[in-house]
Amino acid sequence: MARTEADTADVAMLKTALERTAEESGGPPLFGPAHLNGAGDLSSAHYTFWTVSADGAACRWVPVVQYGIASAGATPPELEWVGA
């Protein structure tokens, strides 16, 4: 989205477009805006790691472990095992 909006390969303009796109993305009913830190990474995030598990003759995605970073600069908590 940022690349389309900026319509350029100029790094400074792409960075500005990325920051604007991140702030405008989502919305409260969905996820809310994506706040970025100075490095351009998410300043808070929730991560879930998944695996594929056999379920009879079929396969399905199963969450295995998760952790979240609640605020900018916070140390991630210990991993929480959730399945599989």
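Residues numbered from 1 in each chain as written. Predicted model: local features only at pLDDT ≥ 70, side-chain atom pairs only at ≥ 80, totals over all residues. Heavy atoms only, no water.

Draft legend 1. Expanded view of the pairing of strand β1 (residues 45–55). Relative to strand β2 (residues 58–69), β1 runs antiparallel, the two being bridged by eleven bridges. What sits directly across from Y47, in β2, is Y67. Taking the residues between adjacent antiparallel strands as the criterion, β1 and β2 are bridged by two residues, where G56 takes a positive phi near 70°. (Pairing = 2+ DSSP bridges. Helix = DSSP H or I, 4+ residues; strand = E, 2+ residues; numbered from the N terminus.)

Draft legend 2. A nonpolar patch on the surface, seen in detail. Judged by side-chain polarity, L42, Y47 and F49 come together as a nonpolar surface patch covering roughly 270 Å² of accessible area. Locating L42 in the fold gives a position in the loop between α2 (11–24) and β1. (Patch = residues over 30% accessible without salt bridge, like charges linked within 9 Å, V, L, I, M, F, W, Y side chains within 5 Å. Areas by Shrake-Rupley, 256 points an atom, 1.4 Å probe, with all protein chains shown as cover. Salt bridge = Lys/Arg side-chain N within 4 Å of Asp/Glu carboxyl O.)

Draft legend 3. Structural context of the pattern of salt bridges. Under the counting rule described, the total for this entry stands at three salt bridges. For the salt bridge of R20 with E5, the shortest nitrogen-to-oxygen distance reads 2.5 Å. Of this pair, R20 sits in helix α2 while E5 sits in helix α1 (residues 2–6), and the two are 15 residues apart along the sequence. By relative accessible area, R20 is classed as partly exposed at 38%. (Buried < 20%, exposed > 50% of the residue type's maximum accessible area, 1.4 Å probe, protein only.)

Take it as geometry only, folks, not as evidence of what the structure does.
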